[in-house]
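An overview of the molecular structure
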Amino acid sequence: MLALSSPSGAGKSTLARLLLEADAALSLSVSATTRPRRPGEEDGVHYHFIDRADFAARRDAGAFLEWAEVFGNLYGTPRAPVEQALNAGRDVLFDIDWQGARQLQAAAPDDLVSVFILPPSRPELEARLRGRGADDPASLALRMAAAADEMSHWNEYDYVLVNDDLAACASSLRAILAAERVRRRRQRWLDAFAASLCSHDYKGDPDGGGQ
Ligand code: ADP
Ligand code: 5GP
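Now for a description of the structure that goes with this document. In this text, all values refer to a predicted model and were calculated from it rather than measured experimentally.

1. With respect to the overall build of the protein chain
Within the protein chain, the secondary structure is distributed over eight helices and nine strands. Judged by the C-alpha coordinates and their principal axes, the protein chain covers about 75 × 40 × 30 Å. Counting over 211 residues, the protein chain shows a buried share of 38%. Of the contacts formed within the protein chain by residues at least 6 apart in sequence, a portion of 65% connects residues at least 24 apart. Summed over all atoms, the accessible surface of the protein chain reaches about 12000 Å², with 53% contributed by carbon and sulfur. Here the protein chain contributes 24 positive and 31 negative side-chain charges, whose respective centroids are spaced 1 Å apart.

2. A look at the site of ligand 1
Taken together, 14 residues lie around ligand 1, and G9, K12, S13, T14 and R132 are the ones closest in. Within the side chain of T14, an N or O atom sits 2.5 Å from an oxygen atom of ligand 1. Of all the elements in the fold, those that place two or more residues in the shell around ligand 1 are α1 (12-22) and α5 (122-132). Counting residues per element, the shell around ligand 1 draws most heavily on α1, which supplies three residues.

3. Some points on the pairing of strand β1 (residues 2-5)
Here β1 shows a buried face lined by L2 and L4 and a second buried face lined by A3 and S5. Both β1 and strand β7 (residues 91-95) contribute to a ladder of three bridges, which runs parallel. Residue pairing across strands places A3 opposite F94, the latter belonging to β7. Alignment of β1 against strand β8 (residues 113-118), held across four bridges, turns out to be parallel. If you follow S5 over to β8, its bridge partner there is F116.

4. Section: unusual backbone geometry
With a phi close to 50°, F71 is a non-glycine residue in the positive phi region. Along the chain, F71 falls in the loop between β5 (64-70) and β6 (73-78).

5. Quick word on the sheet that holds strand β3 (residues 32-33)
Pairing between the strands of a sheet comes from backbone hydrogen bonds, and it takes one of two forms, parallel or antiparallel. With mixed pairing, the four strands of this open sheet are ordered in space as β4-β3-β6-β5. Taken across any chain shown, the strands that pair with only one partner, and hence form the sheet edges, are β4 (48-49) and β5. Relative to β6, β3 runs antiparallel, the two sharing two bridges. Counted as the bridge partner of T33 is Y75 from β6.

Cut-offs and rules
Residues numbered from 1 in each chain as written. Chains lettered and ligands numbered in written order. Predicted model: local features only at pLDDT ≥ 70, side-chain atom pairs only at ≥ 80, totals over all residues. Heavy atoms only, no water. Helix = DSSP H or I, 4+ residues; strand = E, 2+ residues; numbered from the N terminus. Buried < 20%, exposed > 50% of the residue type's maximum accessible area, 1.4 Å probe, protein only. Contact = heavy atoms within 4.5 Å. Areas by Shrake-Rupley, 256 points an atom, 1.4 Å probe, with all protein chains shown as cover. Lys, Arg positive; Asp, Glu negative; His and termini not counted. Charge placed at Lys NZ, Arg CZ, Asp CG, Glu CD. Near = heavy atom within 4 Å. Polar contact = N/O pair within 3.5 Å; in protein donor to acceptor, adjacent residues only side chain to side chain. Pairing = 2+ DSSP bridges.

The quantities given are spatial measurements derived from coordinates; they are silent on function.
This is the structure in structure tokens:
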């Protein structure tokens, strides 16, 4: 499980998209939310857009792996698709806030890798939010105020990237995923494989070493 967090506007969705395009073994966890749909967003693709009563019913039924309130809206990670993907041997990418990352960390400390994305500066963060054009002035001010709170959690993450140059940041993210995949404890098949390589009963290849 790879969790990406950042203040809104730092570039997390853009980086997530680039990573998903580059990696066929990675699935995106599509969250449920009570926030209204933005122009260009598709139900079931960007989020599952549901109302508060539906959210509460699903939450109370234990259908979320984690959930949190962000900017007055509820967000939650549906449990079933994540478990299905993990059971099928896939890795799962989460675009969630610090509260969600903390809950996943507590639930599965050995299976979670967390990455925090910082913007290069506050003016640049504001410019990106404006440029995205998705927020009215009131919600833009709310997001800028909330950014400071979100960013104060940067030191709870395994990795921290400053998203200045997008291509460089995306490349670092791919490198993190590649390195984490070859961690010894994640390669459970290694025990048997290494035992066969390390055993002293090798008698030579009758075919001449594969030539
Ligand atoms: P988030 O998902 O963190 O809210 P987005 O991925 O939607 O942020 O990015 C916010 C805006 O900033 C988008 O318009 C995006 O194209 C732009 N952006 C993202 N990364 C960079 C970058 N490194 N340099 C310049 N603009 C960027
Ligand atoms: P936005 O409304 O801009 O799409 O997202 C607002 C914030 O909610 C972002 O920080 C995003 O990462 C976070 N978020 C989105 N989905 C979830 C979720 O399922 N759980 C949690 N904890 N946070 C989420």
